[in-house]
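Each chain, letter by letter, is given below.
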Amino acid sequence: VLEIVNNANKAIHEDEINKNLRKSKVSSTIIHWINYLITNNKIFRVGPKLYFSKEKAIKMCDENLVKSSLDNLMNRFKFISDNYITKYVNDELNYSFSSYYYDSLISYLSNKHGLNYANGFLSKTSDKISIGEIVDNYFDNKKSIINNYKFIFNEHKIAITKVQLDSTLWNYRDSITR
């Protein structure tokens, strides 16, 4: 799988990887190996079922500018969601990369620079958080959604998008009174 992705001239779809594996008579659970390669920063996921070699994917952006943008965010926030990073960096650097791309890029950069990236959140510390924990620990049913968002963002220094909070609240709708 790694050889197929690395030899591709452009991002390659999972179906194309499967087709190449069938030609070589290799049969295995492809998604297992793809996830293994992504987790170990060998390849990047750049879209739904779309993968690219790490080296080629990194060249799609200016790594130093992205790292500088992340440093700016980490100076302001304790935790930064990958959704927030996607929007912020795309806006700041005039990029249009997907959240899939940033998930792989953030994982790569966090390993390279000794940062913590877990559950979709980047942090300088070894502390971890999830969007569910944010809602469980910081959401106040007596406040409006926008006031809760501002409270989480400004007081707790957790950078998430409003859409991300709304989506999570939708999933928690049975346990939260709006």
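Keep in mind that what you see is a predicted model, and the values were worked out from it rather than measured. (Residues numbered from 1 in each chain as written. Predicted model: local features only at pLDDT ≥ 70, side-chain atom pairs only at ≥ 80, totals over all residues. Heavy atoms only, no water.)

Enquirer: Can you help me understand the overall build of the chain in this one?
Expert: Along the backbone of the chain there are ten helices and seven strands. Projected onto its principal axes, the C-alpha positions of the chain cover 60 × 40 × 30 Å. Taking the 25 positively charged and 19 negatively charged side chains of the chain as two groups, their mean positions are separated by 3 Å. (Helix = DSSP H or I, 4+ residues; strand = E, 2+ residues; numbered from the N terminus. Lys, Arg positive; Asp, Glu negative; His and termini not counted. Charge placed at Lys NZ, Arg CZ, Asp CG, Glu CD.)

Enquirer: Teacher, can you tell me more about the nonpolar core here?
Expert: Side chains of nonpolar character tend, in soluble globular proteins, to be buried together. Ile85, Tyr101 and Leu105 are the most contacted members of the largest nonpolar core, which has 42 residues in total. It is helix H7 (residues 99-113) that provides the largest number of residues to this core, a total of six residues. Val5, Ile34, Leu37 and Tyr51 belong to the second largest nonpolar core, which has twelve residues in total. (Core = buried A, V, L, I, M, F, W, Y, C linked by side-chain atoms within 4.5 Å. Buried < 20%, exposed > 50% of the residue type's maximum accessible area, 1.4 Å probe, protein only.)

Enquirer: Is there a simple way to think about unusual backbone geometry in this case?
Expert: When glycine is set aside, most residues are seen to have a negative phi, and most peptide bonds are trans. At Lys49, a residue that is not glycine, the phi angle is positive and equals roughly 60 degrees. Examined against the element boundaries, Lys49 turns out to sit in the loop between strand E2 (43-47) and strand E3 (50-53). Using a relative accessible area of 44% as the deciding quantity, one classes Lys49 as partly exposed. With phi around 55 degrees, Asn119 is a residue other than glycine that occupies positive phi space.

Enquirer: I would appreciate a short explanation of the sheet that holds strand E7 (residues 158-159) in the present structure.
Expert: The pairing of strands in a sheet comes from backbone hydrogen bonds and takes either a parallel or an antiparallel form. Spatially, E5-E6-E4-E7 is the arrangement adopted by the four strands of the open sheet, whose pairing is mixed. Two strands close off the open sheet at either side, each with one partner strand: strand E5 (116-118) and E7. When strand E4 (residues 79-81) meets E7, the two strands line up parallel, connected through two bridges. Considered in E7, the bridge of Ile80 is made with Ala159. (Pairing = 2+ DSSP bridges.)

Enquirer: It is not clear to me how helix H10 (residues 162-171) should be interpreted in this structure. Could you clarify?
Expert: Because each turn of an α-helix spans 3.6 residues, side chains separated by three or four positions in sequence point in the same direction. Restricting attention to buried positions, one finds in H10 the residues Gln164, Leu165, Thr168 and Leu169. For H10, the buried positions fall inside an angular range of 135 degrees around the axis, keeping them on one side. The exposed set on the far side of H10, more than 90 degrees from its buried face, consists of Val163 and Trp170. Those residues of H10 that are buried lie in contact with E4, helix H6 (82-93), strand E6 (121-123), helix H8 (131-138) and helix H9 (145-155). (Arc of directions from axis to C-beta. Contact = heavy atoms within 4.5 Å.)

Enquirer: What is the right way to read the side chain of Ser69 from this model?
Expert: Along the polypeptide, Ser69 turns up in helix H5 (residues 63-76). On the basis of relative accessible area, Ser69 is assigned to the buried category, the value being 1%. For Ser69, the contacting residues outside a window of four places in its chain are Tyr88, Val89, Glu92 and Leu93.

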